Amino acid sequence: MTEVEIRGVSKRYTEAPILKGVDLDIHAGELFFLLGPSGCGKSTLLRILAGLVEADAGTVRFDGEDILTLPPEKRRTAMVFQNYALWPHLSVFENVAFAPRNSGYPKSRIRETVGRALEVVEMAEFAQRKPPSLSGGQQQRVALARALAAEPRLLLLDEPLSNLDARLRDAMRGKIKAICKARKLTALYVTHDRQEALSMADRIAVMHRGVIRHLGTPEEVYNHPGDCFTAKFLGDVNFIPGELGGDGTFRSALGVLPIAAENVSAGPAVGAIRPERIRFAAPGEAGFAAKLVGRTFLGESCEWDFESSGVHLVVREGAPPARRIGETYQLNFEPGFFMALPREDADE
Ligand code: ADP
Ligand code: MG
């Protein structure tokens, strides 16, 4: 189990800065996610840790030891790539045996290490096959076994499930998480897929344009995102322009409503509420009037479109009853889930 400390890591390939002073602490044994849109610099950070790309500035420590000055092979990281990157002409066994052989282990230990890694990913029976004769999912499991056999101090995973179909992806999420936990690995997992991050992570850092925007547990980043970019990147959300008062209220076209302030002081702000946190008010309960103008049926839930004083709201309801388009309903927000966020980046 390795404690990882990243400080002030910056990188530019040309003039444009790609990483702008990234600071991160990854706890020993943690499955840590870096989540962000394509092009924000996620792979660049992984490559810097692995030693495939050189940082312009900053330090990285594994258990206090500075590793950026070490050659790649001395850092003991192992990477799983989106495209597997297996050697097609070598058997599965030989692919997985690469790191233990390089370590100069005796034959018996190599056999044992490779055998164990292939067992973990349930690929032992394919040891003599060549990668091109395997399915995408099987190749990805071999790539994972190869990384495990390297006994890394830090396991790096770069969008490892992006090439798999949805069903296999779901199955592999649980599997990768279980393996990391059983082996007490410290792992840094990069993805643009919020479901993957929310369902697997111990903690998530949300990255945007080379900067960490927010960091926390899946519940924290989803429920208390801190800014509009993070709120939107993690799921559907309604934004309502308005004015945050000093007394925990928010004044907008919907009236004066109680609000939890996040990272913003009194004044112009954006009220944010997730569709599943808007409720139909019970008789006698406080609320505001909104007209139902549209409906999207999603099977287990329904998305209702509402208009209220010029504000458009999407409301998600599980096990939806029949409701009438054109009718006016009383709605309210679940206490604690209506957040005030800084206004400046609402449109990003
Ligand atoms: P992500 O993994 O988040 O999609 P990357 O780290 O791969 O992002 O890339 C971040 C930015 O850096 C992108 O704009 C990409 O085009 C650019 N980039 C990546 N690698 C290189 C390179 N070797 N030379 C020049 N630009 C690069
Ligand atoms: Mg990438």
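Keep in mind that this is a model prediction, so the values were computed, not measured.

**Here's the deal with the site of ligand 1**
So, point 1. Taken together, Y13, I18, P37, S38, G39, C40, G41, K42, S43 and T44 are the residues near ligand 1.
So, point 2. The separation between an oxygen atom of ligand 1 and a polar main-chain atom of G39 is 2.6 Å.
So, point 3. Between C40 and ligand 1, the recorded distance is 3.2 Å, taken from a backbone N or O atom to an oxygen atom.
So, point 4. Expressed as a share of its isolated accessible area of 560 Å², the protein-covered part of ligand 1 is 57%.

**Overview of the pattern of salt bridges**
So, point 1. Under the defined criterion, the tally for this structure stands at 20 salt bridges.
So, point 2. The salt bridge involving R203 is made with E30; its shortest N-O contact spans 2.6 Å. Here R203, found in strand β9 (residues 203–208), pairs with E30, found in the loop between β2 (17–26) and β3 (31–35); they are 173 residues apart in sequence, far enough to count as distant. The pair formed by R203 and E30 is uniform in burial state, with each residue classed as buried.
So, point 3. The residue D193 makes a salt bridge to R173 at a minimum N-O spacing of 3.7 Å. Here D193 is found in the loop between β8 (187–191) and α8 (194–200), whereas its partner R173 is found in helix α7 (residues 166–182), with 20 residues between them in sequence.

**Details of the environment of P17**
So, point 1. As for its position among the elements, P17 is in strand β2.
So, point 2. A sequence separation of 169 residues divides P17 from T186, and the C-alpha atoms of the two residues are 28 Å apart.
So, point 3. Ignoring any residue separated from it by four or fewer positions in sequence, one finds P17 in contact with K11 and R12.

**A short note on the domain arrangement of the protein chain**
So, point 1. The assigned domain composition of the protein chain is domain 1 (4–223) and domain 2 (239–341).
So, point 2. Computed over C-alpha atoms only, the centres of domain 1 and domain 2 are separated by 40 Å.

**A look at the sheet that holds strand β15 (residues 267–273)**
In sheet architecture, strand pairing relies on hydrogen bonds along the backbone and comes in two forms, parallel and antiparallel.
So, point 1. Spatial ordering of the open sheet is given by β13-β12-β11-β15-β21-β14, a layout of 6 strands whose pairing is mixed. In this open sheet, the two strands that pair with only one neighbour each are β13 (255–258) and β14 (260–261).
So, point 2. Bridge count for strand β11 (residues 238–244) against β15 is 7 bridges, and the pairing is antiparallel. What sits directly across from E243, in β15, is P268.

**Quick look at the pairing of β9**
So, point 1. In terms of burial, β9 is a largely internal element, 6 of the 6 residues being buried.
So, point 2. Burial along β9 is two-sided: R203, A205 and M207 facing one way and I204, V206 and H208 facing the other are all buried.

**Thoughts on the environment of R12**
So, point 1. Within the fold, R12 resides in strand β1 (residues 4–12).
So, point 2. What R12 contacts, discounting residues up to four positions off in sequence, is P17, I18 and D56.
So, point 3. A polar side-chain atom of R12 sits 2.6 Å from the main-chain carbonyl oxygen of E15.

**So, the pairing of strand β4 (residues 57–62)**
So, point 1. Pairing geometry for β1 and β4, over 5 bridges, is antiparallel. The partner of E5 across the bridge, within β4, is R61.
So, point 2. A loop of 2 residues connects β4 with strand β5 (residues 65–66), the two strands running antiparallel in sequence, and D63 in this loop sits at a positive phi of about 50 degrees.

**A look at the packing of aromatic side chains**
So, point 1. Counted under the stated rule, the structure contains 9 aromatic pairs.
So, point 2. Between F288 and F333, the aromatic rings sit 5.4 Å apart at their centres with planes inclined by 75 degrees, giving edge-to-face as the arrangement. In this pair, F288 is assigned in strand β17 (residues 288–297) and F333 in strand β20 (residues 328–333), connecting sequence segments 45 residues apart. Each of the two residues, F288 as well as F333, counts as buried.
So, point 3. Site record: aromatic cluster; members linked through ring pairs are F250, F288, F333 and F338.
So, point 4. Over the ring of F337 we find R277; its NZ or CZ atom is 3.6 Å from the centre of that ring.
So, point 5. Just above the ring of F280 sits the side chain of R323; from NZ or CZ to the centre is 3.5 Å.

**Quick look at the side chain of S252**
So, point 1. Positionally, S252 belongs in strand β12 (residues 249–252).
So, point 2. Taking the relative accessible area as the measure of exposure, S252 reaches 15% and is therefore buried.
So, point 3. Every residue in contact with S252, bar those within four places of it in the chain, is listed here: I240, P241 and G242.

**Remarks on the sheet that holds β3**
So, point 1. In space, the 6 strands of this open sheet follow the order β6-β7-β8-β3-β9-β10, with mixed pairing throughout. Across the chains shown, the open sheet's two edge strands, defined by having one partner strand only, are β6 (77–80) and β10 (211–216). Across this sheet, the average inter-strand angle for adjacent strands is 20 degrees, counted without regard to direction.
So, point 2. The pairing of β3 with β9 spans 4 bridges and is parallel. Residue F33 lies in a different strand from β9, and its bridge partner there is I204.
So, point 3. Its contacts with the sheet put helix α6 (residues 136–149) on β6 and β7 (154–158), and the angle it makes with β6 is roughly 175 degrees.
So, point 4. The sheet contacts of α7 involve β3, β7 and β8, and relative to β3 the element is tilted by about 135 degrees.

Basis of the calculations
Residues numbered from 1 in each chain as written. Chains lettered and ligands numbered in written order. Predicted model: local features only at pLDDT ≥ 70, side-chain atom pairs only at ≥ 80, totals over all residues. Heavy atoms only, no water. Near = heavy atom within 4 Å. Polar contact = N/O pair within 3.5 Å; in protein donor to acceptor, adjacent residues only side chain to side chain. Areas by Shrake-Rupley, 256 points an atom, 1.4 Å probe, with all protein chains shown as cover. Salt bridge = Lys/Arg side-chain N within 4 Å of Asp/Glu carboxyl O. Helix = DSSP H or I, 4+ residues; strand = E, 2+ residues; numbered from the N terminus. Buried < 20%, exposed > 50% of the residue type's maximum accessible area, 1.4 Å probe, protein only. Contact = heavy atoms within 4.5 Å. Domains from an automatic or database assignment. Pairing = 2+ DSSP bridges. Phe/Tyr/Trp six-rings, centres within 6.5 Å; stacked < 30°, edge-to-face > 60°. Lys NZ or Arg CZ within 6 Å of the ring centre and 35° of its normal. Axes fitted to C-alpha atoms, helices over the stretch in contact; angles between N-to-C directions.

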